[in-house]
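What follows is each chain in one-letter form.
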Amino acid sequence: MKINKKLLNALITFAIVIVAFILCEAALEGWFGKGFALKRADKGLLVPICVYIVLAVSLNLIVGISGELSLGHAGFMSIGAFSGVVVATWLEKALLTIDAAGKTVPFFSDTAILVIAIIVAGAIAAVAGVIIGIPALRLRGDYLAIVLLAFGEIIRNVMNCVLVWVEGSTLQFALKINEGSAAAVPGGAQMVINGAQGTNNKVMSVAFNNERFIVGFVLVIFTLFVVLNLINSRSGRAIMAIRDNRIAAESVGLNVMKYKMMAFVIGAALAGMAGCLYGLNMKTVTAVDFDYNMSIEILVIVVLGGIGSIRGSVIAAVLLKVLPEKLRFLNDYRMFAYAVVLIVVMLATNSPILKNLWALLMRIRPLRVAAEWLQALPGRIKAALPWNKKNGKAGEAQ
Amino acid sequence: MKKRLVDTKMVPLPSVSIVPERDVGKRPVLETRHLGIEFGGLKAVEDFNIAVGPTEICGLIGPNGAGKTTVFNLLTKVYQPTSGTVLIDGKDTSGMTTEQANRMGIARTFQNIRLFGNMTVEDNVRIGLHNQIRYGMLQGIFRAPAYWKAEKQMHQRSLELLSIFGMQDMADVKAGSLPYGAQRRLEIVRALATNPKLLLLDEPAAGMNPHETEELMQNIIKIRDEFQIAVMLIEHDMNLVMGICEGICVLNYGRIIAKGTAEEIQQNPVVIEAYLGSQGREENV
C-alpha cells in the first residue's frame, strides 16, 4: 500500500472527527471532572451538529466537487425527515413481537428503528434526487440554482399538505388539498404528520440520548467515507473533470449527465439521511422548517469552510452550530454578532493582509523552522512506515 | 450499434493525391461527405470532403478565420453539422454526442488549452483512461479489489503514456502550473489515453520555440508509428506542416481550395493567392 497525499488528507479528516467524538463522549461520561461536563443545552447540540456536518459535506459534494450551485438542499432534508418519521412509526406500530414478560413490544429497539429509518429515508431522498435531477441538471449555473430553489419550495408546499395517521396497526395517507379533505381523518386518530403542524414523533424520546449521538457519529463517518472515497476514485475524477472543463471532459469520452447525476443523487441521499436523523431527534418538525433559509444556512457552512474542502465543511458546520449558542450572552445582539463574525471570517480568509501576515511570520526563524518541519512531517511518516522501509526506495524518493 | 454503411468507399477516394501509399485500399479512418455548417445563414464550412487513411498524418491549413477549428468541432460533434455526414472508420456519426464520437475513436486537443488545471498531471491522464480501464462507482467507494487493481493499472499506463514526452517525473505536479509547452504535450497525452484511431491536434506547436517544435515533429511521427493511428493537425508553423504532413488540405472561407502533398500545395497558385493575395490586382476587401 502506498500512502499518498490524498489518502493522508482523508485520514487526517477522519482522525479529527474521531478525536472530537471521543472528547465528546469523555465529557458526557464525566472523565474530565465536573468542570468539563457538558451542560444540557450543549448536549442538545451534539446530534444537530452531526446532522449539519452530513448536510454540509453532502452539499459540498454537489456545489464544490460537482460545481453545481444548489439552493434546494433543504428539500431533500425535508423528504428524509418526513419519510423517516413515517418509517419509524410504522416499524414501531406494525412490526411487533412478544417479549419474555409476555408483553407486546416493537420488534426492533429504538436504535435499530433509527438506523433502518435513516437507510430508508436516504433511499427515498435518492429517488427524489433522480426525479428532480433529470430535468434540472440540464440547466447550468444560475438557472440551475433557481430551478433547484423552486423544487425546494415545491417539496415544502407538498409536505405542508401531507396527512399521515395511525389506524390500528396500519398507517393511512391523505393529501390535505382543502379543509374538506381533512374530514377523511377519523376523530381522535393518532397523527404522525399533520399537514402544516408537522410531525408528531412519539417513537424517540426527546431528551438527549447517547445512542442517537453515536448513530449520528457513525452517519458522519459513513458520509465522509462515501464522499472522500468517491472523490479519489474513477467516478470522482470524472465529476471533478466535468466541473473543471466540461468541453474537455466530453472530448475524452465522459458522460456528463451520468456523473452530474451521480454527484447530485449521492448528495441528495446523504441529505435525506441527515434529515431523517434531524426529524427523529425532534418532537416536532414542520415543513416550514425546511424552507430556503435552511438551504442558505447549509450553503453558508459550505462557503465558509471552503468550497470543495470536505474537512473545511466539517469544521465550519461545528463552528456555525456552536457559535449562535455561545453568543447567547449577547441577548438581542446575538444574530447581529453572528453576522459580523461571518463577514469577518469571510474577509479574513480571502484577504491579502492575512496572506502577507503569514509571509511576515515566516520571516521569524523559529516559526519558519517549525512550519517547515510540519510540512516535511508527512514525508517522514511515510518514510518511517514499515512497508515503505522494506522497499528501501520509497523513503529516499522524498 | 451503428450500422456499417454499405457504400463506404475505400481509400484512395475521394482524395486520390493525398493518401500515402501504404494506406491505399484500406478503409479510411475518417471520411466526410459534403460536410457543412451554417450559423444563422453564414456558411462557416461548406462542402468539406476529405478521407484520411488509417496511419496518415495530414494537415489542415488556411488563413485565420478560414474555418479550420470549426471543422474540428464538426468532426468531434461539438457542433452538429447542418449538412453532410462524418464517417469514423466507416460508421456514420450523425446525431452522436462529443462523448460518443470519442468512444468511436476520435480524440482531440484544443487551440486554447483545456486541461483540468486543478488536478495533477497523472490525474489528467487517468481521466483520459476513463473508458479504457473501468470499475464501478460502488467498487470505488467501498474500495473493492477491482479498485486497487484498476488504479494500479491506470498508474502504470499513465506513466507509460507520459514517458512518450518524457513527462513521467512531473506526474504529481498540478497541471495548471506546468509551463505552456508542457501543457500542450499533456493535452496530447490525455487525448492518446482515450485510445483513439484518429488524433486531432489544434495548433500543437503554438507558443513553442523552434527546438520544441522540432521535438514535437519527431514525437508526432513516433506516436503515429507506435500507436498505428492517423493524425490530423491544424498548424500555422509551415516548417512543421511541410515537414511531417503527408497530405495537406487548404481551407479558405470554409471551402477546400486545394488538396495535395507539400510540394503540390507550395506550388499551387490558388493557395499562394489565399495567403499572400493575388499579384495582378489590388486587394480591395
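Counting starts from 1 at the beginning of each chain's written sequence and moves along it residue by residue. Chains carry letters and ligands carry numbers; both start at the beginning, A for chains and 1 for ligands, and go up in the order they are written. Side-chain atom pairs in this predicted model are given and counted only at pLDDT of 80 or more, local residue features only at pLDDT of at least 70, and totals for whole chains, interfaces and linings cover all residues.

For chain A, the count of helices and strands is 16 helices and five strands. Overall, chain A is about 75 × 60 × 55 Å in size when its C-alpha atoms are taken along their principal axes. A run of DSSP states H or I qualifies as a helix once it reaches four residues; a run of E qualifies as a strand once it reaches two. Both are numbered from the N-terminal end.

We now examine the overall build of chain B. In terms of helices and strands, chain B carries 10 helices and 10 strands. Counting over 285 residues, chain B shows a buried share of 44%. Exposure in this text rests on C-beta crowding, where 20 or more other C-beta atoms within 10 Å of a residue's own make it buried, 12 or fewer make it exposed, and counts in between make it partly exposed. The C-beta atoms are placed from the backbone.

Interfaces are frequently sized by the accessible area removed from exposure as the parts join. For the purpose of contact definition, each residue receives a C-beta atom placed from its backbone, and two residues are in contact when these atoms lie within 7 Å. Facing 27 residues of chain B, the contacting portion of chain A comprises 21 residues. Mapped onto the side of chain B that touches chain A, the elements with two or more residues apiece are α2 (98–104), α3 (121–128) and α4 (137–141) of chain B. Amino acids are sorted into nonpolar (Ala, Val, Leu, Ile, Met, Phe, Trp, Tyr, Cys and Pro), charged (Asp, Glu, Lys and Arg) and polar (every other residue, Gly among them). The class makeup of the residues in the side of chain B that touches chain A is nine nonpolar, 10 polar and eight charged.

This part takes up unusual backbone geometry. All names here are of chain B. A positive phi is found at His34, a non-glycine position, where the angle reads about 50°. Here His34 lies in strand β1 (residues 30–39). Here His34 falls in the exposed class, since 12 other C-beta atoms lie within 10 Å of it.

Okay, the pairing of strand β3 (residues 162–167) of chain A next. Residue and element names in this part refer to chain A. In short, DSSP must find at least two bridges between two strands for them to pair. One ladder, built from six bridges, connects β3 with strand β4 (residues 170–175); its direction is antiparallel. Looking at β4, one finds that Val162 is bridged to Leu175. In this antiparallel pair of consecutive strands, β3 and β4, the connection spans two residues, and Gly168 shows a positive phi of 65°. Summarising the sheet, β3 and strand β5 (residues 190–194) pair through four bridges and their orientation is antiparallel. Residue pairing in the sheet places Val164 in a bridge with Ile193 of β5.

So, about the packing of helix α2 (residues 40–65) of chain A against helix α6 (residues 210–231) of chain A. Helix packing for two helices is described by the angle between their axes and how far apart those axes are. All names here are of chain A. Each axis is a line fitted through C-alpha atoms, and for a helix only the stretch in contact is used; angles between axes span 0 to 180 degrees, taken between their N-to-C directions. Taken N-terminus to C-terminus, the directions of α2 and α6 make an angle of 15°; their axes are 8 Å apart at the nearest point. As summarised for this structure, α2 and α6 are arranged roughly parallel, according to the angle between their axes. As α2 packs across α6, the resulting crossing turns out to be left-handed. For the pair formed by α2 and α6, the contact residues are Leu46, Val47, Cys50, Val51, Ile53, Val54, Val57, Ser58, Leu61 and Ile65 on the first element and Arg212, Phe213, Gly216, Phe217, Leu219, Val220, Thr223, Leu224, Val227 and Ile231 on the second. Looking at the contact of α2 with α6 residue by residue, the class counts come to 16 nonpolar, three polar and one charged. In what follows, roughly perpendicular refers to angles from 65 to 115 degrees, roughly parallel to angles under 35, roughly antiparallel to angles over 145, and oblique to any angle outside these ranges. Handedness of a helix crossing follows the sense of rotation of the near helix relative to the far helix, less than a right angle counterclockwise being left-handed and clockwise being right-handed.

Time to look at the nonpolar core. Within soluble globular proteins, side chains that are nonpolar generally end up buried alongside one another. By size, the foremost hydrophobic cluster in this structure holds 185 residues, and its most contacted members are Cys50(A), Val54(A), Ala56(A) and Leu277(A). Excluding residues within four positions of it along the chain, Val54(A) makes contact with Leu219(A), Val220(A), Thr223(A), Leu270(A), Met273(A) and Ala274(A). Each nonpolar core reported here comprises buried Ala, Val, Leu, Ile, Met, Phe, Trp, Tyr and Cys residues connected via C-beta atoms within 7 Å.

All names here are of chain A. Counting through the fold element by element, Val215 comes out in helix α6. In this structure Val215 comes out as buried when scored by C-beta crowding, with 21 C-beta atoms within 10 Å. Separated by 165 residues in sequence, Val215 and Cys50 have C-alpha atoms that sit 9.2 Å apart. Contact partners of Val215, with chain neighbours within four places excluded, come to Thr111, Leu114, Val115 and Leu277.

Spatially, β2-β1-β4-β5 (chain B) is the arrangement adopted by the four strands of the open sheet, whose pairing is antiparallel. Each edge of the open sheet is held by one strand with a lone partner, namely β2 (42–52) and β5 (91–92) of chain B.

On to the environment of Gly141(A), then. Among the secondary structure elements, Gly141(A) is positioned in helix α5 (residues 141–159). Spatially, the C-alpha atom of Gly141(A) lies 20 Å from that of Met294(A), the residues being 153 residues apart in sequence.

Moving on, we get to the confidence of the model for chain A. Residues and elements named next belong to chain A. As a per-residue measure, pLDDT reflects the predictor's confidence and takes values from 0 up to 100. For chain A, per-residue confidence averages 85 on the pLDDT scale, and 93% of positions sit at 70 or higher. When mean pLDDT is compared element by element in chain A, helix α9 (residues 256–281) scores highest at 96, while helix α16 (residues 394–397) scores lowest at 42. Across residues 392–398 the pLDDT falls below 50, and counting only partners more than four positions away or on other chains, this stretch makes seven contacts in the model.

All names here are of chain A. Pairing in this open sheet of three strands is antiparallel, and the strands run β4-β3-β5 from one edge to the other. Strands at the two margins of the open sheet, each flanked by one partner only, are β4 and β5. Averaged over all neighbouring strand pairs, the angle between strand axes comes to 20°, with direction disregarded. Here helix α3 (residues 73–94) sits on the sheet in contact with β3, β4 and β5, set at roughly 160° to β5.

As a further point, take the confidence of the model for chain B. Residues and elements named next belong to chain B. On average, chain B scores 86 in pLDDT, and the residues at 70 or more come to 90%. Segment residues 1–17: pLDDT under 50, and 33 contacts once partners within four positions in sequence are set aside and those in other chains are kept. In the predicted assembly, ipTM is 0.87 and pTM is 0.87.

Residue and element names in this part refer to chain B. Of the strand pairs in this sheet, β1 and β2 are connected by seven bridges, and their pairing is antiparallel. Counterpart to Ile37 in the pairing with β2 is Val45. Turn length for the β1-β2 hairpin, with the two strands adjacent in sequence and antiparallel, is two residues, and the turn residue Gly40 shows positive phi of about 55°. Judged from the five bridges that link them, β1 and strand β4 (residues 83–88) form a sheet pairing that is antiparallel.

Turning to the environment of Gly64(A), a few remarks are in order. Residues and elements named next belong to chain A. Residue placement: Gly64 occurs in helix α2. Using a count of 24 C-beta atoms within 10 Å as the deciding quantity, one classes Gly64 as buried. Beyond its immediate sequence surroundings of up to four residues, Gly64 is in contact with Val302, Ile307 and Gly308.

Residues and elements named next belong to chain A. Taken N-terminus to C-terminus, the directions of α2 and helix α11 (residues 310–326) make an angle of 145°; their axes are 8 Å apart at the nearest point. Of the two possible hands of crossing, α2 and α11 adopt the one that is right-handed. Contact residues: Ala41, Leu45, Pro48, Ile49, Tyr52, Ile53, Ala56, Val57 and Asn60 in α2; Ile310, Ser313, Val314, Ala316, Ala317, Val318, Lys321, Val322 and Glu325 in α11. Here the contact of α2 with α11 is built from residues that sort into 14 nonpolar, two polar and two charged.

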